[in-house]
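Listed here are the chains, written in short residue letters.
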Amino acid sequence: MAGTTITIDDTATEGLSRLVNAAVHPGQMMSAMGAYLLTSTQRRFETETGPDGEKWKPLSKRTANRIIRHGRRRGTTNILRLTTRLYQSLVMRSDETSAEVGTNVVYAAVHQFGGAIEQYARSQRLSLKKIRGGRARFVKHGTKGAELRNVTIGEHTINIPARPYLGVSQADIARLLEIGEEQLREATP
């Protein structure tokens, strides 16, 4: 599974390691923990909050005003979930000693860590047609009444803020410890 690897490097790691080592069949425990982590990650998309508890940066005005379907504007809701591609690509994998949550979507890292996308200058021909109010609209080449224009778009950078969705919060660590203890209680005769 391609994606981001998160390493727990706080005091809870020691407790989690003890639980895993104490289990007779840790694979079941890891599967339960992985299922919880997947649900927790999906919940971050719904609440638009990172593992550290901070709300994600809102969409830019330009992105929010983008028209997506039938003249409907994008709006400011459902950050990272307009097409649900990233949300639906989240998967969990576990074995006897580990549980992972990740995605294989190419652009996942840009949304997790943020980044700058360099757009190079370009020139192209556009077909525009006048509509009501004197405004122009993009149309297919060859449309009746369309006018061809040469347009140059300058070099620019698109900055995407980090919107972390992968990771483990303090509440997640507490729940993982509870899951481990529950699994040990069930295994004890």
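What you are looking at is a predicted structure, and each value in this text was computed from that prediction instead of being measured.

A. Representation of the pattern of salt bridges. Applying the stated criterion across every chain, the model contains five salt bridges. Of the charged contacts, one joins Glu147 and Arg149 as a salt bridge, the two residues approaching to 3.0 Å between their closest N and O atoms. Owing to a relative accessible area of 40%, Glu147 belongs among the partly exposed residues under this scheme. A salt bridge links Glu182 to Arg175, with the nearest nitrogen and oxygen atoms 3.3 Å apart.

B. View of the sheet that holds strand β8 (residues 147-153). Read across the open sheet, the three strands follow the order β7-β6-β8; overall the sheet is antiparallel. Only two strands of the sheet have a single neighbouring strand rather than two, namely β7 (136-138) and β8. Averaged over all pairs of adjacent strands, the angle between their axes in this sheet comes to 50°, without regard to strand direction.

C. Expanded view of the environment of Gly167. Along the chain, the position of Gly167 falls in the loop between β9 (156-160) and α6 (170-187). A residue is classified by how much of its surface remains accessible, and Gly167, at 14% relative accessible area, is buried. Measuring from C-alpha to C-alpha, the distance between Gly167 and Asp52 comes to 8.4 Å, with 115 residues separating the pair along the chain.

Cut-off values and rules
- Residues numbered from 1 in each chain as written.
- Predicted model: local features only at pLDDT ≥ 70, side-chain atom pairs only at ≥ 80, totals over all residues.
- Heavy atoms only, no water.
- Salt bridge = Lys/Arg side-chain N within 4 Å of Asp/Glu carboxyl O.
- Buried < 20%, exposed > 50% of the residue type's maximum accessible area, 1.4 Å probe, protein only.
- Pairing = 2+ DSSP bridges.
- Helix = DSSP H or I, 4+ residues; strand = E, 2+ residues; numbered from the N terminus.
- Axes fitted to C-alpha atoms, helices over the stretch in contact; angles between N-to-C directions.

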